[in-house]
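# Fold and contact review
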Amino acid sequence: MKYNSILKRYSYNVESYNFTDAGKCSSNIKKNLKLLNIDSKIVRRVAIVSYEAEINLVIHSLGGKLHCDIYEDKIVIISDDIGPGIDNIELAMTEGYSTATSTVMELGFGAGMGLPNMKKWSDEFNIKTQKSGTLISMTIKI
Amino acid sequence: MKVTDFINILNAECVTKFICDGKDYAYAFASDLMSDVLALADSSTVLITGLNNPQAIRTAEMMDISLIIMVRGKTPSKEIIELAIESDITILTTHHIMFEACGLLYKNGLRALAYEV
């Protein structure tokens, strides 16, 4: 049986409400994938889901980590935060539903498309949440 | 439509001092909501926006968008311009409001990207 192991992991810390640095991690992920000569369409999908995940970490979480795991046949983006959890996942997954503040909306976010976009652009999408943190895993097949 | 066409039609200024001429843009997406851009735009699209912050550049970078038109007379900061140049993105600024800018471009042949709702 072929053991599918991680070939490379890129990990980043994402700070809550740090809008100055928001997007830097995803930009770095995209640059690294381009250097690995990954197909541009795959790179674009990974960039979108990681950026949405990163922005969600900044806007909604108390802080967390963003990982990009590269396998031979897939790329997995993992968002792992330290809270406060999502009250209603079904609502949060609904396009247009947002709990963003007016400050966040002035920055161009809070349209309620983050989680739906993450799911849309992934081949597999998993989310687990509790008050102590939310773990999201998005797989894009190569 | 080339970058120089946008400049002429909108009486726009290129603030990045970097013209990626040669590329022909056929489609546009106008929005101040970056998650909508992430849901619907692609690399063939010009982004028309009034959002004057680094996240407009980051969003364009993620979508491989190479041309941003900032409307309503917005002037991007040095930080935003540097980020755009670093990401090979051209920024044009125009005094037209978004509605007017879109109308002028549509009149001259630019179209909306096809999308599913």
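The structure reproduced in this document is the subject of the present report.

## Describing the overall build of chain B
- When you go through chain B residue by residue, the secondary structure sums to 5 helices and 6 strands.
- Compactness check: chain B gives a C-alpha radius of gyration of 13 Å against a globular reference of 13 Å for 117 residues, within 12% of the reference.
- Structurally, chain B occupies a C-alpha span of about 35 × 30 × 25 Å along its principal axes.
- Sorting the 117 residues of chain B into buried and exposed places 53% on the buried side.
- Here the analysis covers contacts within chain B between residues at least 6 apart in sequence; of these, 53% occur between residues at least 24 apart.
- Counting only carbon and sulfur atoms, one obtains 54% of the accessible surface of chain B, whose full area is about 5300 Å².
- Put simply, chain B has 9 plus and 15 minus side-chain charges, and the middle of one group is 6 Å from the middle of the other.

## Overview of the interface of chain B and chain A
- Taken together, the contact between chain B and chain A spans 21 residues of the former and 26 residues of the latter.
- Taken over both partners, the interface formed by chain B and chain A buries close to 1800 Å², and the fraction arising from carbon and sulfur atoms is 50%.
- Remark: the boundary between chain B and chain A carries 2 salt bridges.
- Between B:Glu61 and A:Lys31 there is a salt bridge whose closest N-O contact spans 3.8 Å.
- Taken together, chain B and chain A are joined by 15 residue pairs in polar contact (both at pLDDT 80 or more).
- Elements represented by at least two residues in the side of chain B that touches chain A include exactly helix H2 (34-40), helix H3 (54-62) and helix H4 (78-86) of chain B.
- Grouping the amino acids of the side of chain B that touches chain A by side-chain chemistry returns 8 nonpolar, 5 polar and 8 charged.

## Describing the layout of surface pockets
- Looking at the largest pocket, its volume works out to about 590 Å³.
- Along the walls of the largest pocket sit 32 residues, with A:Asn56, A:His60, A:Ile86, A:Thr99 and A:Leu115 positioned nearest its centre.
- Taken together, the elements giving at least two residues each to the lining of the largest pocket come down to helix H2 (40-60), strand S3 (74-81), helix H5 (114-120) and strand S5 (133-141) of chain A.
- Take the lining of the largest pocket: its biggest share by element is 7 residues, from H2(A).
- Of the residues belonging to the lining of the largest pocket, the class tally is 15 nonpolar, 14 polar and 3 charged.
- In this structure, the second largest pocket spans a volume of roughly 210 Å³.
- Lining of the second largest pocket is provided by A:Lys30, A:Lys31, A:Lys34, B:Glu61, B:Asp64, B:Ile65, B:Ser66, B:Glu86, B:Ser87, B:Asp88 and B:Ile89.
- It is helix H1 (residues 24-35) of chain A that provides the largest number of residues to the lining of the second largest pocket, a total of 3 residues.
- Broken down by class, the residue content of the lining of the second largest pocket amounts to 2 nonpolar, 2 polar and 7 charged.

## A word on the pairing of strand S4 (residues 124-130) of chain A
Residue and element names in this part refer to chain A.
- In terms of strand pairing, S4 meets S5 through 7 bridges, oriented antiparallel. Note that in S5 the partner of Ile127 across the bridge is Ile136.
- Linking S4 to S5, which pair antiparallel, is a turn of 2 residues.

## Remarks on the pattern of salt bridges
- Evaluated as defined, the whole model comprises 8 salt bridges over all chains.
- Salt-bridge contacts for A:Asp123 lead to A:Arg45; the nearest nitrogen and oxygen are separated by 3.1 Å. Remark: A:Arg45 occurs in helix H2 and A:Asp123 occurs in the loop between H5 and S4; sequence separation between them is 78 residues.
- For A:Asp123, a relative accessible area of 38% puts it in the partly exposed group.
- B:Arg72 is the partner of B:Asp32 in a salt bridge, and the nearest nitrogen-oxygen pair spans 3.2 Å. Of this pair, B:Asp32 sits in the loop between strand S2 (27-30) and H2 while B:Arg72 sits in the loop between strand S4 (67-70) and H4, and the two are 40 residues apart along the sequence.
- Taking the relative accessible area as the measure of exposure, B:Arg72 reaches 37% and is therefore partly exposed.
- One network of salt bridges, with partners in common, ties together A:Lys31, B:Arg58 and B:Glu61.

Cut-off values and rules
Residues numbered from 1 in each chain as written. Chains lettered and ligands numbered in written order. Predicted model: local features only at pLDDT ≥ 70, side-chain atom pairs only at ≥ 80, totals over all residues. Heavy atoms only, no water. Helix = DSSP H or I, 4+ residues; strand = E, 2+ residues; numbered from the N terminus. Rg over C-alpha atoms; globule rule 2.2 N^0.38 Å. Buried < 20%, exposed > 50% of the residue type's maximum accessible area, 1.4 Å probe, protein only. Contact = heavy atoms within 4.5 Å. Areas by Shrake-Rupley, 256 points an atom, 1.4 Å probe, with all protein chains shown as cover. Lys, Arg positive; Asp, Glu negative; His and termini not counted. Charge placed at Lys NZ, Arg CZ, Asp CG, Glu CD. Buried area = accessible area lost by both parts, 1.4 Å probe. Salt bridge = Lys/Arg side-chain N within 4 Å of Asp/Glu carboxyl O. Polar contact = N/O pair within 3.5 Å; in protein donor to acceptor, adjacent residues only side chain to side chain. Nonpolar A, V, L, I, M, F, W, Y, C, P; charged D, E, K, R; others polar. 1 Å grid on protein atoms, 1.4 Å probe; cavity = no way out; pocket = protein on both sides within 12 Å on 5 of 7 lines; lining within 4 Å. Points joined across faces, edges and corners; volume = space filled by probe spheres on them. Pairing = 2+ DSSP bridges.

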